[in-house]
Amino acid sequence: MKSFDFAPLNVPGPTKIPLTEPFWQAAANGELHMQYCECCQSYVFYPREICPCCWSDQLTWRQVTGQATIKTYTTIWKPGQPGWSAVTPYTVGIIQLDEGPSMLALLLLEPEQLEVGRAVCFKTINIGGQLMPAFTIPEDNHHDK
Ligand SMILES: [Zn+2]
């Protein structure tokens, strides 16, 4: 199993604003939280001031399961930010959460494990000293190759 050691990286962290602070704070606690629209009962990602479906401003934050499916992915050999060069190649993808929203995320999978439609789960990883969101294959599927 490849080890994914991103802790020594010297890369810029996320830009945190009051709107997104609950997301990053949850990640720092090892959890994945999303906005939830109390009006139309749908999850919202990325964070917004109003619901993109019904325009309600009744958005609250909820913890989600972290269960998701890979929609697409790409492996990075030449990162846009030079600080990431130390860990190339690495993979990012668009995952769709079971709750509905899709998000761009770091994927901690072996190349032979990458597959559109594959089930993945949320996991935090230390990137340059900060716990950041990522996705990996669920524990009970680690032996299946
Ligand atoms: Zn809504």
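Computed from a prediction, not measured in an experiment: that's the story for all the values here.

**So, the pattern of salt bridges**
Then, in step 1: In the structure shown here, the tally under the stated rule is one salt bridge.
Then, in step 2: Between Arg62 and Glu38 there is a salt bridge; the shortest N-O distance is 3.6 Å. A residue pair is termed long-range when its members are at least 10 positions apart, and Arg62 in strand β3 (residues 59–63) and Glu38 in the loop between β1 (33–37) and β2 (42–44) qualify at 24 residues.
Then, in step 3: Classification of Arg62 as partly exposed rests on a relative accessible area of 33%.

**Some points on unusual backbone geometry**
Then, in step 1: The omega angle of the peptide bond from Phe45 to Tyr46 is 5°, so this bond is cis rather than trans.
Then, in step 2: Along the polypeptide, Tyr46 turns up in the loop between β2 and β3.
Then, in step 3: A cis amide bond, omega -10°, links Thr88 with the succeeding residue Pro89.
Then, in step 4: Tracing the backbone through its elements, the reader meets Pro89 in the loop between β4 (67–76) and β5 (90–97).
Then, in step 5: Phi is positive for Trp55, which is not a glycine, with a value near 70°.
Then, in step 6: Trp55 sits in the exposed class, given a relative accessible area of 68%.

**Details of the UniProt feature "domain: ChsH2 C-terminal OB-fold" (unreviewed entry) in the protein chain**
Then, in step 1: Cross-referencing UniProt, the feature "domain: ChsH2 C-terminal OB-fold" (unreviewed entry) maps to residues 61–120 in the present numbering.
Then, in step 2: Between the end C-alpha atoms of residues 61–120 the distance is 22 Å, and the span holds 0% helix and 50% strand.

**As for the pairing of strand β7 (residues 119–127)**
Then, in step 1: In the sheet, β4 pairs with β7 via three bridges, with the strands oriented antiparallel. Bridging from a neighbouring strand, Ala68 pairs with Val120 of β7.
Then, in step 2: As paired elements, β7 and strand β8 (residues 130–136) share seven bridges and run antiparallel to each other. Bridged to Cys121 within β8 is Thr136.
Then, in step 3: Hairpin geometry of β7 and β8 is characterised by an intervening segment of two residues between the two adjacent antiparallel strands and by a positive phi of about 60° at Gly128.

Rules used in this analysis
- Residues numbered from 1 in each chain as written.
- Predicted model: local features only at pLDDT ≥ 70, side-chain atom pairs only at ≥ 80, totals over all residues.
- Heavy atoms only, no water.
- Salt bridge = Lys/Arg side-chain N within 4 Å of Asp/Glu carboxyl O.
- Helix = DSSP H or I, 4+ residues; strand = E, 2+ residues; numbered from the N terminus.
- Buried < 20%, exposed > 50% of the residue type's maximum accessible area, 1.4 Å probe, protein only.
- UniProt positions renumbered as here; feature names shortened; annotations may be inferred.
- Pairing = 2+ DSSP bridges.

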